[in-house]
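Tertiary structure, described
As a plain string of letters, each chain reads:
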Amino acid sequence: MGKVLMKGNEVIAEAAVHAGCKYFFGYPITPQSELVAYMARRLPEVGGLFLQAESEIAAINMVYGAAGTGVRVMTSSSSPGFSLKQEGISYLVGSELPALICNIVRGGPGLGNIQPAQSDYFQVTKGGGHGDYNIPVLAPASLQEIVELTQDAFDIADRYRTPVILMGDGMLGQMMEPVEFREREKALIDEKEWATTGTRGDGGPRIITSLELDAESLEQRNWKLQKKFATIKENEVRYETYQVDDADYIMVAYGTVARIAMNSINQARQKGVKVGLIRPISLWPFPEKPFIETRDQVKAFISVEMSAGQMIEDVRLAVNGHAPVDFFGRTGGVVPTQEEIYDKIMTVAGGVNV
């Protein structure tokens, strides 16, 4: 299969099918409704099951049920709908069930609008439901990267028995680019002996639950989960750097904002201002290493986001006071332009419109 021109939402769906996902439970909401529509048509073609639930709450609990049988399953939504899924997501984590959850972010708070945003960063990286937990979060910047990260997400989910979030903004879901679905070696996952597929009398009952009424027992389960989160932090950090080796200033951006920021960086370098970029690909675990390696050589970091300032908190923690951390953001669904980001670079560098 060669390159095909597709919309971002449809790329996520097709990549999931290539990863072996045959079960989808969801509910349409702009700007990710094309993903739901694509799955409705595509899954019957591969012997799968599509079901439009009566609500986002119902959808995430259907995912819980399917995940309990060990199959590859996913759901998708956009910000207000994703908020409704939080209780079910906490249940998935507590029960250690693998699944892919896609959030194509739109402007908020409240019902907001259908324009692209990154203002769900706190919700996805800090544990949007109750309890002490984290979820791996992958943030692609291009449609080809969606292909790779969607398939990676299913592998990570199975490897650690955890839900994984794929997060993009509305622009990423709606844009069209040529993509290629390359054949890749399937991850070797041990037989899911925990799955509730029946023992046929060959073993004891298989029980999946997050309920533990004894406080000390629940504490032990929490420490077990924390140990797993630590392993994920050690093994699943992903990031990209751009022109950081000689940089006096480093921008930090993810998703489509990082693509815009790269053009601003090139524009600034043409004026003699040495700027680089750190692009987190895994939002959790957050990539601390590139900050540790550069924070003593640069004059300032600039976090650029489609939010009022959320990722900047993780940037500040990673920089740990070794350099100033500045911020530029647009919110409410407004996309920052190349010129705006360039002007911010020049202001921080002390050379406005040089």
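From a predicted model like this one, the values you see are computed outputs, not experimental measurements.

Reading guide: rules and limits
- Residues numbered from 1 in each chain as written.
- Predicted model: local features only at pLDDT ≥ 70, side-chain atom pairs only at ≥ 80, totals over all residues.
- Heavy atoms only, no water.
- Helix = DSSP H or I, 4+ residues; strand = E, 2+ residues; numbered from the N terminus.
- Buried < 20%, exposed > 50% of the residue type's maximum accessible area, 1.4 Å probe, protein only.
- Expected span 1.5 Å × (residues − 1).
- Pairing = 2+ DSSP bridges.
- Axes fitted to C-alpha atoms, helices over the stretch in contact; angles between N-to-C directions.
- Contact = heavy atoms within 4.5 Å.
- Parallel < 35°, antiparallel > 145°, perpendicular 65-115°, else oblique.
- Left-handed = near helix turned anticlockwise from the far one by under 90°.
- Phe/Tyr/Trp six-rings, centres within 6.5 Å; stacked < 30°, edge-to-face > 60°.
- Lys NZ or Arg CZ within 6 Å of the ring centre and 35° of its normal.
- Polar contact = N/O pair within 3.5 Å; in protein donor to acceptor, adjacent residues only side chain to side chain.
- Nonpolar A, V, L, I, M, F, W, Y, C, P; charged D, E, K, R; others polar.

Our focus in this paragraph is unusual backbone geometry. In this structure, the amide linkage connecting Thr30 to the following residue, Pro31, adopts the cis form with an omega of 10 degrees. Tracing the backbone shows Pro31 in the loop between β2 (23-26) and α2 (33-42). Here the bond from Trp284 into Pro285 is cis, since omega is 0 degrees, no more than 30 degrees from zero. Tracing the sequence through the fold places Pro285 in the loop between β12 (282-284) and α11 (289-294). One non-glycine residue, Arg161, adopts positive backbone phi at about 50 degrees. Inspection of the secondary structure assignment puts Arg161 in the loop between α7 (143-160) and β7 (163-169). Of note in the backbone geometry, Gln243 takes a positive phi value of approximately 55 degrees without being a glycine. Among the secondary structure elements, Gln243 is positioned in the loop between β9 (239-242) and β10 (249-252). The partly exposed category is assigned to Gln243, whose relative accessible area is 32%.

Under the 1.5 Å per step criterion, the end-to-end length of helix α10 (residues 255-270) is 24 Å for 16 residues, consistent within 8% with the ideal 22 Å. Turning to α10, its buried residues number three or more, namely Gly255, Thr256, Val257, Ala258, Ile260, Ala261, Ser264, Ile265, Gln267 and Ala268. Directly beyond the C-terminal end of α10, a positive phi value near 90 degrees is found at Gly272.

Taken in spatial order, the 5 strands make up an open sheet running β9-β11-β10-β13-β14, and their pairing is mixed. The outermost strands of the open sheet, each flanked by one partner alone, are β9 and β14 (325-329). If you compare each strand with its neighbour and ignore which way they point, the axes differ by 20 degrees on average. Taken together, the 4 bridges between β9 and strand β11 (residues 275-280) define a ladder with antiparallel strand orientation. Note that in β11 the partner of Glu240 across the bridge is Arg279. Docked against the sheet, α10 engages β9, β10, β11 and β13 (300-305), running at close to 170 degrees with respect to β11.

All right, on to the packing of α10 against helix α13 (residues 338-348) then. For the pair α10 and α13, interaxial distance at closest approach is 8 Å and the crossing angle is 50 degrees. By the angle between their axes, α10 is oblique relative to α13. Relative to α13, the crossing made by α10 is right-handed. Packed against α10, whose contacting residues are Ile260, Ala261, Asn263, Ser264, Ile265, Gln267 and Ala268, the element α13 presents Gln338, Glu339, Ile341, Tyr342, Ile345 and Met346 at the interface.

A few words on the packing of aromatic side chains. Considering all chains together, one arrives at 5 aromatic pairs under this definition. With 5.8 Å between their ring centres and 10 degrees between their planes, Phe24 and Phe50 make a pair best called stacked. Of this pair, Phe24 sits in strand β2 while Phe50 is found in strand β3 (residues 49-52), placing the two residues 26 residues apart along the sequence. The exposure class of Phe24 is buried, given its relative accessible area of 0%. Between the aromatic rings of Phe291 and Phe301, the centroid separation amounts to 5.7 Å while the plane-to-plane angle is 40 degrees, which identifies the pairing as tilted. Of the two residues, Phe291 is situated in helix α11 and Phe301 in strand β13; the sequence distance between them amounts to 10 residues. Note on accessibility: Phe291 and Phe301 belong to one class, buried. Members of the aromatic cluster, connected to one another through ring pairs, are Phe286, Phe291 and Phe301. The ring of Tyr38 has Arg41 lying over it, and the distance from NZ or CZ to the ring centre is 4.8 Å.

What follows covers the side chain of Thr125. Its place among the elements puts Thr125 in helix α6 (residues 121-125). The exposure class assigned to Thr125 is buried, which follows from its relative accessible area of 3%. Polar side-chain contacts of Thr125 include one of 2.7 Å to the backbone oxygen of Tyr121. The residues contacting Thr125, other than those within four sequence positions of it, are Asn134, Leu283 and Trp284.

Turning to the packing of helix α3 (residues 56-67) against helix α5 (residues 86-94), a few remarks are in order. Relative placement of two packed helices is described by the angle separating their axes and the distance separating the axes. Where α3 contacts α5, the axes come no closer than 8 Å and their chain directions differ by 20 degrees. Classified by the angle their axes make, α3 and α5 are roughly parallel. When you trace α3 past α5, the crossing you get is right-handed. Between α3, through Ile60, Val63, Tyr64 and Ala67, and α5, the contact on the second element is made entirely by Gly88, Ile89, Tyr91 and Leu92. Per-class residue counts for the contact of α3 with α5 are 7 nonpolar, 1 polar and no charged.

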